[in-house]
Amino acid sequence: MFQEISHPLIAHEMGILRQKDCPPALFRQSVRRVAALMTPYICESFATSAYEIETPLETTTARRLQHDVVLVPILRAGLGFLDGFLDMLPHAIVAHIGLRRNEETLQPHTYYSNLPLAVESAEIILLDPMLATGGSAVEAVKQLRDAGAKNIRFACLVAAPEGVAYFTKAWPDVPVHAAVLDRCLNEKGYILPGLGDAGDRLFGT
Ligand code: PRP
Ligand code: URA
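Nothing here was measured: the structure is a model prediction, and the numbers come from that model. (Residues numbered from 1 in each chain as written. Chains lettered and ligands numbered in written order. Predicted model: local features only at pLDDT ≥ 70, side-chain atom pairs only at ≥ 80, totals over all residues. Heavy atoms only, no water.)

**Notes on the site of ligand 2**
In the vicinity of ligand 2, the residues found are Arg101, Met130, Ala132, Gly189, Tyr190, Ile191, Gly196, Asp197 and Ala198. Gly196 is positioned such that a nitrogen or oxygen atom in its backbone is 2.8 Å from a nitrogen atom of ligand 2. For ligand 2, an oxygen atom lies 2.8 Å from a polar atom in the backbone of Ala198. Protein chains bury 88% of the 230 Å² of accessible surface belonging to ligand 2 in isolation. Judged by its atoms lying within 2 Å of the grid points, ligand 2 is housed in the largest pocket. Considered class by class, the residues forming the shell around ligand 2 number five nonpolar, two polar and two charged. (Near = heavy atom within 4 Å. Polar contact = N/O pair within 3.5 Å; in protein donor to acceptor, adjacent residues only side chain to side chain. Areas by Shrake-Rupley, 256 points an atom, 1.4 Å probe, with all protein chains shown as cover. 1 Å grid on protein atoms, 1.4 Å probe; cavity = no way out; pocket = protein on both sides within 12 Å on 5 of 7 lines; lining within 4 Å. Sits in = over half its atoms within 2 Å of the grid points. Nonpolar A, V, L, I, M, F, W, Y, C, P; charged D, E, K, R; others polar.)

**A closer look at helix α5 (residues 161-170)**
Helical periodicity: at 3.6 residues per turn, an α-helix aligns residues three or four positions apart in one direction. Within the span of α5, buried status applies to Gly163, Val164 and Phe167. Angular distribution of buried residues about the axis of α5 spans 100°; they occupy a single face of the element. (Buried < 20%, exposed > 50% of the residue type's maximum accessible area, 1.4 Å probe, protein only. Helix = DSSP H or I, 4+ residues; strand = E, 2+ residues; numbered from the N terminus. Arc of directions from axis to C-beta.)

**What to know about the environment of Asp200**
With respect to the helices and strands, Asp200 occurs in helix α6 (residues 198-203). The sequence separation of Asp200 and Ala77 amounts to 123 residues, and the corresponding C-alpha distance is 8.1 Å. Every residue in contact with Asp200, bar those within four places of it in the chain, is listed here: Arg76 and Thr205. In terms of polar contacts, Asp200 uses its side chain to reach the side chain of Arg76, at 3.1 Å. (Contact = heavy atoms within 4.5 Å.)

**A word on the layout of surface pockets**
In this structure, the largest pocket spans a volume of roughly 510 Å³. Arg100, Arg101, Met130, Ser136 and Asp197 are the residues nearest the centre of the largest pocket, which is lined by 26 residues in total. Going through the elements one at a time, β4 (69-75), α3 (77-88), β6 (96-101), β9 (130-131), α4 (135-146) and α6 are the ones with two or more residues in the lining of the largest pocket. A per-class count over the lining of the largest pocket returns 12 nonpolar, eight polar and six charged. (Points joined across faces, edges and corners; volume = space filled by probe spheres on them.)

Right, dumping it as structure tokens:
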């Protein structure tokens, strides 16, 4: 399943952060707002359970999320995408996977992994602003599955059609939610029109 979350507020933010002279501070703020705007759509099917509470006037039934939520940013750029999700899901656990794409082969290389033990029943949201060839996201899901994760969703800011096709073929049961679907990849594996290198834009490198 692939969802492009078309929303006027997201479209407005994309116009800001795609511009090449948008400085890192503004870029980070804008990415954070987009992440927060995406969260309700991504969590729409989360299960809730009923419990009793006392209001100042009477007893009533409230609802709470049934399962732990684990946010998994793919380092490094995923870190810049994390804060907006944490704004909306402050109780979430954060686990990390470090992947770096080889600039010539475009193959992902893992340099860090810290996944919690109790992932089986958790709702996992894998985070990376860019879905380009799809190699990094496909590898990250493999690591999550190897760790026992079952309920995984992948959230990105910008997706390329090539990456969506590769990912959904590899993991047909993992929904992909993107703020926008762009046109294509260039010969160096960058998304067009895109926003450049997300990690560099977030961290000013
Ligand atoms: C970028 C991006 C994704 C990956 C996407 O990370 O954040 O992780 O490329 O490309 P793919 O879909 O072709 O795998 P990069 O490897 O540049 O590392 P960084 O986040 O440290 O900048
Ligand atoms: N990674 C990025 O940061 N940007 C792209 O366009 C492709 C991969």
